[in-house]
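In case you want the letters, here they are:
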Amino acid sequence: IRRTWTATVSGVSAGGAAASGTALLVRYWAGDGSFSTQLEGLRPSAKYAVAVYRGTCSKPTVLLRLPNLAADANGNAAATASITPALMAPVWRKAADGAIALRIRAGADVHCAPLTYPVATRVAVPGLGIDLPVVLQRGNAFPWCNVAMYLPGLSQPGEAGVSFLYAHARTGMFLPLLDASLVNNGTRMLGMKVYVWTSDDRLYTYQVTRVRRHQYTLPDLWSLKSQQVWLQTSEGPYGTNNKLMVVAQRTAVATASHAAAHPRARPVVCGLYG
């Protein structure tokens, strides 16, 4: 599995039906996908059109039309469907840079719900005194200060592959990674714990396995059979492209408190030199 989106349907529509339930949209590494849903409170014996879209519920831009959903005499419905790579491709492209949602409709009875997936929200390396909120940086601006950021093109914690987190080599950010790497090629960091919290209130524990200095491209170290987090920061001096990448392998996952997993992020635009 490459990614799993979840939609939670709830509430009364303009058509008067109080539907509730969940739907899962899955995209596999091979490019194909699957869809499953289980709902109740629909209009009895009604047939619903199902679509993944962007935009608004009233004026959707449809990315994927799924098989119709038929409610039984009690207003319950369940369905599964396979999705070809060609049909999944536009969903994957659009989801990479914006929100997507699910829409089910039978006449005036319309229900919409965002399709979301867990993302990294906080990273800590206690052995180096690092503890930062994690955010998605919008656009191509110079990376923010006071936070770490994640690379949306790669995986999130809980997904197979690599979760990529980066921050400036500055005080209060990832500077301790750079400082530690300058001593014996960062040997001290091997075995250190890295903790990453996610938006679904989970805590992932990793252990540092490699310190990669002077990197100019993403090293070919990942496996789809494992879960890793890479921490990246600049090595300098300003104007050079060499990066430090610290690789850590997942060792555990646990439930976290909502407060711990949702620190308040205060990103600021920082200058190139300050």
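One can find the structure itself at the top, above this paragraph.
Each value, and the rule that gives it
- Residues numbered from 1 in each chain as written.
- Predicted model: local features only at pLDDT ≥ 70, side-chain atom pairs only at ≥ 80, totals over all residues.
- Heavy atoms only, no water.
- Helix = DSSP H or I, 4+ residues; strand = E, 2+ residues; numbered from the N terminus.
- Buried < 20%, exposed > 50% of the residue type's maximum accessible area, 1.4 Å probe, protein only.
- Areas by Shrake-Rupley, 256 points an atom, 1.4 Å probe, with all protein chains shown as cover.
- Lys, Arg positive; Asp, Glu negative; His and termini not counted.
- Charge placed at Lys NZ, Arg CZ, Asp CG, Glu CD.
- Pairing = 2+ DSSP bridges.
- Axes fitted to C-alpha atoms, helices over the stretch in contact; angles between N-to-C directions.
- Core = buried A, V, L, I, M, F, W, Y, C linked by side-chain atoms within 4.5 Å.
- Contact = heavy atoms within 4.5 Å.
- Phe/Tyr/Trp six-rings, centres within 6.5 Å; stacked < 30°, edge-to-face > 60°.
- Disulfide = S-S within 2.5 Å.

Novice: In this structure, what is going on with the overall build of the chain? I would like to understand it.
Specialist: Tallying secondary structure elements over the chain gives three helices and 16 strands in all. For the chain, the spread of C-alpha atoms along the principal axes amounts to about 70 × 35 × 35 Å. Here the chain, with 274 residues, has 45% of them falling under the buried criterion. Counting only carbon and sulfur atoms, one obtains 53% of the accessible surface of the chain, whose full area is about 13400 Å². Taking the 26 positively charged and 12 negatively charged side chains of the chain as two groups, their mean positions are separated by 5 Å.

Novice: Help me understand the sheet that holds strand β2 (residues 20–27), please; the structure alone is not making it clear to me.
Specialist: Two modes of strand pairing occur in sheets, parallel and antiparallel, and in both the strands are linked by backbone hydrogen bonds. Ordered in space as β1-β2-β3-β6, the four strands form an open sheet in which the pairing is antiparallel. Of all the strands in the sheet, the pair left with one neighbour each is β1 (3–9) and β6 (77–83). The average angle at which neighbouring strand axes cross in this sheet is 10 degrees, direction not considered. Looking at chain direction, strand β3 (residues 33–40) and β6 are connected through seven bridges and run antiparallel. Residue pairing for β6: Ser-36 is matched across the bridge by Thr-80.

Novice: Looking at this structure, I do not really get the sheet that holds strand β12 (residues 161–166). What am I missing?
Specialist: The strand order β9-β10-β11-β12-β15-β16-β14-β13 describes a closed barrel built from eight strands, whose pairing is mixed. Neighbouring strand axes in the sheet, compared pairwise and without regard to direction, differ in orientation by 30 degrees on average.

Novice: Help me understand the nonpolar core in this model?
Specialist: Across soluble globular proteins, you tend to see nonpolar side chains buried next to one another. Of all hydrophobic cores here, the largest spans 62 residues; its most connected members are Leu-25, Val-123, Val-194 and Leu-231. Excluding residues within four positions of it along the chain, Val-123 makes contact with Ile-130, Asp-131, Leu-132, Val-134, Ala-148, Leu-165, Phe-174, Val-194, Tyr-195, Val-196, Trp-197 and Leu-231. Core analysis: the second largest hydrophobic core is formed by 10 residues, Val-135, Val-147, Leu-154 and Met-245 among them.

Novice: Help me understand the packing of aromatic side chains in this model?
Specialist: Any aromatic ring pair is given by two values, namely how distant the centres are and how the planes are angled relative to each other. Scanning all chains against the criterion turns up five aromatic pairs. Ring geometry for Trp-5 and Trp-92: centres 6.0 Å apart, planes at 75 degrees, overall edge-to-face. Of this pair, Trp-5 sits in strand β1 while Trp-92 sits in helix α1 (residues 85–95), and the two are 87 residues apart along the sequence. In this structure, Trp-5 and Trp-92 share a single accessibility class: buried. With 6.3 Å between their ring centres and 90 degrees between their planes, Trp-5 and Tyr-117 make a pair best called edge-to-face.

Novice: Would you explain the state of the cysteines in this entry?
Specialist: Covalent bonding between the sulfur atoms of two cysteines defines a disulfide. Taken as a whole, this structure holds two disulfides when the rule is applied. Put simply, Cys-57 and Cys-112 are joined by a disulfide, and their sulfur atoms are 2.0 Å apart. Residues Cys-57 and Cys-112 are joined through a disulfide that is right-handed, its torsion about the S-S bond being 75 degrees. In this pair, Cys-57 is assigned in the loop between β4 (47–55) and β5 (60–70) and Cys-112 in strand β8 (residues 109–115), connecting sequence segments 55 residues apart.

Novice: Can you walk me through the environment of Cys-57 in this structure?
Specialist: Using a relative accessible area of 26% as the deciding quantity, one classes Cys-57 as partly exposed. Those residues in contact with Cys-57 that sit more than four places away from it in its chain are Arg-103, Val-110 and Cys-112.

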